[in-house]
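This is what each chain is made of:
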Amino acid sequence: MELFPALKIGWLNGWILLAFEFLIQGTLLLVFPKPVVARLFDRSGWSTKQRLFTILGKVFSLACLILIILTPLQINTNTFIIGLVLYLVGIAGLVTAMLNFKATLPDQPVTAGLYQISRHPQIVSLFVIFLGVCLAIGSWVALLSLLLSRVFQHFGILAEEEVCLKQYGESYSTYMKRIPRYFLFL
């Protein structure tokens, strides 16, 4: 791992892994019914503060994306192998969580599948994907950008939970008491 890796445009950069993830996620979003996609991206009910923190998180996500796109994969390293394993686990988790989300009726909270062990498995899976890519490119700066993005985007997660509490009431409150926000912790 390097603090500031050499940035260059190349075919064996981290963008390859991102392209595969975007292709999978984009394909799912294209084949999902429009109401499911709209539900995934609904931000109504969020406060200005929650929107602002989410935007700040997206700024750090953009920095992380740029670093990933311009940084070569460190193919002959142990961190590449660990990163690739995390990446693949994250992809599997994201696909599973999105299918769980799609299978839930719109007037019900999503509580089946991976949502039985995390209230936000899509977010956690995306974090694992990007963590894997940051390790695969061997960049501490990209990893720091990722962590900062997730700290700020945590406020968006809290906003989603507030909206779900208003929309689903006691059933979601009970769900929140049983299931941790981020898998086994918090």
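Here goes a summary of the coordinates provided.

Topic: the packing of aromatic side chains
And then number 1: The final tally for this structure, using the stated rule, is 6 aromatic pairs.
And then number 2: Taken together, a centroid distance of 5.7 Å and an interplanar angle of 5° make the contact between phenylalanine 60 and phenylalanine 152 stacked. Here phenylalanine 60 is found in helix α3 (residues 48-70), whereas its partner phenylalanine 152 is found in helix α6 (residues 140-168), with 92 residues between them in sequence.
And then number 3: Members of the aromatic cluster, connected to one another through ring pairs, are Phe53, Phe60, Phe152 and Phe155.

Focus on the side chain of serine 145
And then number 1: By the secondary structure assignment, serine 145 is in helix α6.
And then number 2: Residues in contact with serine 145, not counting those within four places in the same chain, are Phe60, Ala63, Cys64 and Leu67.

So, the packing of α6 against helix α7 (residues 170-178)
And then number 1: For the pair α6 and α7, the least separation of the axes is 6 Å and the interaxial angle reads 135°. It follows from the interaxial angle that α6 and α7 lie oblique. Residue-level contacts link Glu161, Cys164, Leu165 and Tyr168 of α6 to Glu170, Ser171, Tyr172, Ser173 and Met176 of α7.
And then number 2: The residue makeup of the contact of α6 with α7, split by class, is 5 nonpolar, 2 polar and 2 charged.

What to know about the nonpolar core
And then number 1: Core analysis: the biggest nonpolar cluster contains 35 residues, and Cys64, Ile68, Ile129, Phe130 and Cys134 have the highest contact counts within it.
And then number 2: Breaking this core down by element, the ones donating at least two residues are α1 (15-31), α2 (34-40), α3, α4 (78-102), α5 (121-137), α6 and α7.

The rules we used
Residues numbered from 1 in each chain as written. Predicted model: local features only at pLDDT ≥ 70, side-chain atom pairs only at ≥ 80, totals over all residues. Heavy atoms only, no water. Phe/Tyr/Trp six-rings, centres within 6.5 Å; stacked < 30°, edge-to-face > 60°. Helix = DSSP H or I, 4+ residues; strand = E, 2+ residues; numbered from the N terminus. Contact = heavy atoms within 4.5 Å. Axes fitted to C-alpha atoms, helices over the stretch in contact; angles between N-to-C directions. Parallel < 35°, antiparallel > 145°, perpendicular 65-115°, else oblique. Nonpolar A, V, L, I, M, F, W, Y, C, P; charged D, E, K, R; others polar. Core = buried A, V, L, I, M, F, W, Y, C linked by side-chain atoms within 4.5 Å. Buried < 20%, exposed > 50% of the residue type's maximum accessible area, 1.4 Å probe, protein only.

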